[in-house]
Every structure is written in C-alpha cells, then in structure tokens.
Amino acid sequence: MHVTSHGGRAKCLQRLVRLDLPVPRTVALSFDAVRGIAAGKMPDLDAILAEFPESALLCVRPSSEDPDWGGPGAVLNIGVNDACYIDLCDELGREAAAAIYLRFVQSYAVHVARLDPDVFDDVEDGGPDALVEILHAYEAETDESFPQNRSEQLGAVLRSMARAWDGTSARLLRQANGAPADAGLGLVVQEMVPGLGLGVCGSGVLQLVNSNTGEPQITGRYLGQSQGRDALGSGVAAMYLARDERGPSLEELAPDAFEALKEHAALMRVRLREEMQAEFVIQNGEVHILDGVRVQRSARGGLRMAVSLAEDQIIPQEEAVMRIDAHSLNELLHRQVAPDAERDLIGSGIAASPGAASGRLVFTSAEAQASASRGEDCILVRRETSPDDVRGMHAAVAVLTERGGITSHAAVIGRGLGLPCIVGASSMRFDSRRKRLRAADGRVLRAGDMVTIDGSSGEILAGEPAMVEAAQDGAFQTLMSWADAARDIDIRVNADTPRDALTARNFNAQGIGLCRTEHMFFDPGRLTVMREMIFADSPSEREAVLERLLPMQRDDFRELFRIMEGLPVCIRLFDPPLHEFLPTNQSGQRELSEALGLPVSEVTRRVEEMGEYNPMLGLRGVRLGVTVPEIYDMQARAIFEATLEASDEGAAVVPEIMIPLVSAKREVELVKARIDAVAAAVRLERGRDFDYRLGVMVETPRAALRADEIAAHSAFLSFGTNDLTQMTYGLSRDDAGRFMSEYVHQGVFAEDPFHVLDVDGVGELLKFGVERGREANPGVTLSICGEHGGNPESIAFCRTVGMDYVSCSPFRVPVARLAAAQLAISDRILNSSKTR
C-alpha cells in the first residue's frame, strides 16, 4: 500500500497494524476506488462488510496524500439502527446508546441527506427523547424513514464523501493548500470502538512532545464518554493526560491505560521515525489506537523534533537537515507575533525584512533618535527611506514605507540590521506633513499611536499583540553544524558595519562578500566632512578634505578585519551618486551653509547642479572612480593601512577590493592602476609588504557579456544581481513594488524577480558571465552578492552554474547555510540512486 494510492492515513494504519498495536479492523479504499464511487461505480459492499463482525458499528475517515489538503469529515457509528439501538441499551446503557444513534443520525442527515442543520435546532441536546425527536424530524424532511440497512448506510456515506472531495469548494480549498488539481482521496472503513459505556470509557489524543517548543512533554486531552476527537472540542471538560495540578488526569483515573498509551506512542515514534499524535479510545479500561498523525508543529518545534530524532539515532543527521524548511528559519531568528494572538489588521505591504516589533509611530529619523534616547520603542514611517534615514532606522524597532520593493533601500538596510520592515504599503495613505496614516478601513493613526509591524507576513497591526521571542538554542546550533558539514558552497555576508560583522560571525558566515563603504559616511560626525569634500572646487581641495576622512575609514576597516579574523573581507569601493549625501530640504541646506561658511543660495545652486535625471544610471560607481579618483585613492589607502595594522594584531589580512558598476575593461584598467600605485606608496612608506585581491562587481548586462575581458584583470567577479535584475528588466527596484503583486497574480512574472532570481533572463546573463570569466581566467573566484544570495531557490542556480560562494544579509546567512546543505544532500541522494 502506498501513500500515493491509498493516502497517508491508510498507509499509517497499515504500519500500526504491522507493529501489533491495538488497531481496530480496517479496510482501505484506494484513490481509484473512490473516484469510481464518485462516478457511480460502487465497490462490493458485502465484501467490505464481511471483514467486520456482523454487529460492529463502523466509521469512515478520509485518507488524502497530505493531511493539509483537507477532505470530508469522518462519519462515525455507521450500522446503528433501531434493532442495534436496543442491543446497545442492554450493553452500554440507554444514555450511551442514544448518544451513539443520535450522533450518526445527525451526521447522516447533514452530510449524506444534505438536510439543513437548522432543522434540528429544536431537538434537545441529547438522550433518548432527543433521539426520538431527531428521527421524526428526519422522516418529516425526507418523507422516508431513516435507513436501517447497514449496507445501504455505508454505501450512502461512501458516495457522499467521494463526491464531496470533487466539489468545487473542496477542490479550490485544497489547491490553495498546494494540492495538485488531480489529487486523489482514499477512504478507510474502520470498526468502531464506542468510547461510551459503563466502565472507564472515552477518547482522546496523546503526543510525547510540545508542538510549539518540540521539547519532550506528554500533551493531549482525554474526555470520558466520548468519541472521535471530542476531547479537543472547545468548552468540554476534558482531562489532562499526565498528572497535573490544574485538574484530574487520565494517569490518575486509569494508570494502566495511561502507561500503555505512552508505550504505544514511543513505539510509533521509533518505528515511524516521526513525532506522532496517537488518537485513541478506551473501552472498559482497554486501549485502542484509532489513528496516528504527524504532530502539528511550529518552526521552532519542528527543528527541535528533527534534531531530537537524529540525536536518538532514529533518523540520520542529514535527514534531520532535510526535514526543515529553510524559509522557516526566519521565524527562529526574529521575534514573531504569537500564533494565537489576535490580529487587528490595518494594512499590508511587501514583507521586506522578517520579524515583528511593536512601537509608537514616528515620521522622521530625528524623532526616531529622540524616542530611542528616551528608551521608547518606535516604528519609523517614511514614504521611502534614503541614506539620510539610516540613523533613524538604527534607532527604530521597525520600518514602514509607502513605496519600495524587496530590494529597495529600506528593505536592504532592514535585512542587514535584522529590523522588521514592510515596504510598498500602498493600501494605506501616508500623510507625512500631518504625521498620520489612514488605514483602508478609514481609521486614522497619528504619531505616538502603538502599531505592530509583522515583516514576515507584510501585515500592519494596530496595538501590541503578544510576541514569541527568537530561538537560537542548542538544537538550532546543532542542526546548523550538521548543515555546514553537508554543504559544498561557501556562504558569506553583506556587512557594512562592525555590528553587522559581529552578527554574521555569530551566524558562522565564511567572510564578508560585500561591504558597502558608503554607509560609513552617514554618521553625523562624517556627513559634514563628506559634504565639504563634495563641495571642493579642485582635486587638491578634495584630497585635503579626504585626509580627514581617511583615519575614520581606516578605523572602520581595521575593526572589520579584526572581527572577521582569518576570513576574507570584500570591500566595495564608493558606489552611490554624490548628490545622495546632500540635503534636499531648505532647513538642511541652511545647516550646510552654516557648516561650510557659504551663502544658502550657493549651497542651493550647487545641490541643484548635482541633480541627475536618472541618478541610478548616472555618475556613480566606477564612473566616480574614474572622474573623481581621489575618493578611491583615499579608500584604497585606508584599506591598505588597516590591513597592516590588523595583521599586527592577528592573522595576516588579504583584503578584497571590489570595483562597482563596471561595464568596460578600460574602467578596470584605470582604477587598477591607481590602486596599485597607492599600494606601492603604502608599502614604501611602511616598509612592509602585503597582498590584496582586486575584483569587479558585475551588475551591468554588458559586464556579464564581456566578462572574459574583465576577468583577465580581476581576481574575482561578484555578480550584483539587484542592479543586474533592474537593468535587465528595465525595472526600478524601488518602484516595482507598486505593481509587482498584480504582475505575479496575472502570471506576467512567475515570481518577483527581485525576490527570486530570474533564471531564464538574468540567469542567462549570469551563465554567460561565469562561462566567459572562467574561460579567460580559470582561477577567478565567482559569486553573487545581491539579495538573491539568501534565497534558497536562487542558491540552487548558483551551485548549478559553479559559483564559489553566495553572499547575503546577516540574518539570511543561516537560511542560506541550510538551503545550500539541502541542495548538496539532494544531489548526493540523486547521484546515489542513479548508480544503483
């Protein structure tokens, strides 16, 4: 019997029977048999009934390939009729017999005869009198007596459940849960154990672990005089299983039955190689196992369960690694809204950086910093963030923007900081001038109002719901160590600050794959100096100002080298257009005029002169390095001096220097000549030698296509897939969020290409770049450092084309480590199966 022919429940019951567990007699009907029933072709009902004692009551349960795909509800007590009722009265008592008959009549009437449940509203809650009433009500509605023949009852129930599976609503529901359109349903017919009677009788569920934490803990409920999963119903007076100070327990009521249940569950765990929930019934003190289902679990619980099974040598370590969804690690690395917390939804946007945080709304970076100084949590709200907002983002506990996409400024910085972030929240109206938000339902939220940002789901919530803290416990560390042993591609981090580097080191990143140096200039103590450099009138004036920035940069780099000791650090030279460092509002320009001793009109004129129509395609990156070479000269000197100083303190440092936005070989030649000259000067001044590697960030289509020419002058090529995607599609990564969901919904794009790498278009350019780069320079190191580096689907592509490492934001490093391991394990399993 296979899951794909009879469903998971049938397969599990078969295995439980083979373990000699006390499972009631069961007959399984295959997917094909159930399809035949739906089409009017009934199986041999007499043959099915012959498998059971003539007086036995039966139940029918669904058995789909995946329990998450749903299915019709179980129907219990099939076979009860007037004659049987009399026998049950003698055996179990009138109340229990009436409850059994009543339950079946109600279920049959609603699910088989398709009567309106309201018909039975006037029927008393239970007992013999209620049974009489409901049988009369059934006859009145159907103009026929309730069926008394067991075969007729069974056939009607099977037909009803088979057709319910093919109903439109059921089909849509399971497809929404990931089921294929042709998913099949099996049915299991099982002998009923009543769970009602004169002795210790009842039903319940038991599992050996806590679903939320994964820790060993007997959990579940037991309800006397009950059937099915009644014990889990709301408002019922169910018992605890193990002794509990909060109330009576099954262990006290029936200790032998409790011990037997624990033994059965432990055997299921070992032999089924999974944490299982046992559905059981007790009849006169004797335990029967009706079903076993995989324990429902949170991301935290699932990881702990997988590690525990491997540590107990029930499953191999690599299988434990394969059982964890890499995406789910985000729930473990960040605080989350508690699963059972009430959510007062006021808006939604793009889930740009995972985790959840609550705080009071602020609308400027200055207000965020003021809140932080008072020890108050705040949510920074902006139409879109700019480099000027980095200080405010550091001060806030979460960020919300009206515009932007998955690779917008707010999203990238948010992920780097581990800061919950929602961008592109166009469902809300942002009024920054009046400092308020208007929700889709008309509610207005003002500065100071408490709001929660759920960056994992993209939901904006009013108030402060309960949270679940991040969990990076021993089980997490153990699983990640197993993952590292299995993977075959390195994982580096995009880290711009010592704080980022420390986070990455804690997550066992194998070096820094991208350090964006421009973020170092936005510190208040440096920004004015940077602006003074921009306003300099000649190269000599710029060099003089840059002399003041040099020690600041040198200290930054030395600290990064110290934190990442023994690991590579790749530093990208200055990339953004200079105008990003200049104030755009009048108050900021007034402050700058005072700092520089220039008239406001002169500052305004210079700011306007530096504006560009399309700055992301303008004077930035290597173009600045060629036309304003003093900036790169200063950075190279800072890197080399920091290299020598850090090498004195520990292992020898070999920095990697990356040139951004290259599109032509000559750009690399020009910048390389300047950097080599700076290196020679530092060697001469210090009287010491050092090594460094010079490479290129490939983020223009032309650079990918001409990678052979560029690789000849480069020790490494790192593909910046954020800009490469932007330029390949002709899409603004900051603005695409406005319509991207509609494009994905209508099937224009299968996924947001800024979130999941487009292997057909952008991937084709990457393949060209990898193949041509390696052909021209076999020793060249190849990687990607765009945000795709932390996406499991994109890592698969990088492995396939032969890249040496991927680099991603700090909090995505564990996700990338696990995804890379799973890909390597899958390949080994596939190759092993081919050689058999």
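What you are looking at is a predicted structure, and each value in this text was computed from that prediction instead of being measured. (Residues numbered from 1 in each chain as written. Predicted model: local features only at pLDDT ≥ 70, side-chain atom pairs only at ≥ 80, totals over all residues. Heavy atoms only, no water.)

## Focus on the environment of A646
So, step 1. Summarising the element assignment, A646 is placed in helix α25 (residues 629–649).
So, step 2. Separated by 83 residues in sequence, A646 and I563 place their C-alpha atoms 10.0 Å apart.
So, step 3. Setting aside anything within four residues of it in sequence, one finds A646 in contact with R558, F561, A651 and V653. (Helix = DSSP H or I, 4+ residues; strand = E, 2+ residues; numbered from the N terminus. Contact = heavy atoms within 4.5 Å.)

## Quick look at the UniProt feature "domain: PEP-utilising enzyme mobile" (unreviewed entry) in the protein
So, step 1. The sites that carry the UniProt feature "domain: PEP-utilising enzyme mobile" (unreviewed entry) are, in the present numbering, residues 376–458.
So, step 2. Helix makes up 18% of residues 376–458 and strand makes up 31%, while its end C-alpha atoms are separated by 23 Å. (UniProt positions renumbered as here; feature names shortened; annotations may be inferred.)

## Structural notes on the packing of aromatic side chains
So, step 1. Within the structure shown, the criterion is met by 18 aromatic pairs.
So, step 2. Ring centres of Y222 and F280 lie 6.2 Å apart, and the angle between their planes is 5 degrees; on these two criteria the pair is classed as stacked. With a gap of 58 residues between them, Y222 in strand β6 (residues 216–224) and F280 in strand β7 (residues 276–283) connect regions that are remote in the sequence. Per residue, the accessibility class of Y222 equals that of F280, and both read buried.
So, step 3. The structure contains a cluster of three or more aromatic residues connected by ring pairs, namely Y85, Y101, F104, Y108, Y138 and F146.
So, step 4. The ring of Y805 carries the charged tip of R492 above its face, separated from the ring centre by 3.9 Å. (Phe/Tyr/Trp six-rings, centres within 6.5 Å; stacked < 30°, edge-to-face > 60°. Buried < 20%, exposed > 50% of the residue type's maximum accessible area, 1.4 Å probe, protein only. Lys NZ or Arg CZ within 6 Å of the ring centre and 35° of its normal.)

## Focus: the side chain of R542
So, step 1. Structurally, R542 can be placed in helix α21 (residues 539–563).
So, step 2. By relative accessible area, which is 16% here, R542 ends up buried.
So, step 3. Among residues more than four places away in sequence, those in contact with R542 are M533, A536, V628 and E630.

## Here's the deal with the sheet that holds strand β20 (residues 459–462)
So, step 1. Spatially, eight strands are ordered β10-β20-β19-β12-β13-β14-β15-β11 in an open sheet, and the strand pairing comes out mixed. Looking along the sheet, the strands with just one partner apiece sit at the ends: β10 (345–348) and β11 (350–353). Strand after strand, the sheet turns through a mean of 30 degrees between neighbouring axes, direction not considered.
So, step 2. With two bridges connecting them, strand β14 (residues 398–401) and strand β15 (residues 421–423) associate as parallel partners. Residue pairing across strands places L400 opposite I422, the latter belonging to β15.
So, step 3. Along the sheet, helix α15 (residues 365–373) makes contact with β12 (356–362) and β13 (378–382), crossing β13 at roughly 175 degrees. (Pairing = 2+ DSSP bridges. Axes fitted to C-alpha atoms, helices over the stretch in contact; angles between N-to-C directions.)

## Describing the side chain of Q589
So, step 1. Mapped onto the fold, Q589 is located in helix α22 (residues 586–596).
So, step 2. When residues no more than four places from it in sequence are discounted, the contact partners of Q589 are P583, T584, V603, T604 and V607.

## Some points on the UniProt feature "active site" (unreviewed entry) in the protein
So, step 1. In the numbering used here, UniProt assigns the feature "active site" (unreviewed entry) to H409 and C785.
So, step 2. Examined against the element boundaries, H409 turns out to sit in helix α17 (residues 409–417).
So, step 3. Judged by relative accessible area, which is 18%, H409 ranks as buried.
So, step 4. Polar contacts involving the side chain of H409 include one to the side chain of T385, which spans 2.8 Å.
So, step 5. We classify C785 as buried; its relative accessible area is 2%. (Polar contact = N/O pair within 3.5 Å; in protein donor to acceptor, adjacent residues only side chain to side chain.)

## Some details on the sheet that holds strand β24 (residues 569–572)
So, step 1. What the eight strands build is a closed barrel, ordered β22-β23-β24-β25-β26-β27-β28-β29; its pairing is parallel. Here the average twist between neighbouring strands, direction ignored, is 25 degrees.
So, step 2. In terms of strand pairing, strand β28 (residues 781–784) meets strand β29 (residues 805–808) through two bridges, oriented parallel. Bridge pairing links I784 to V806 in β29.

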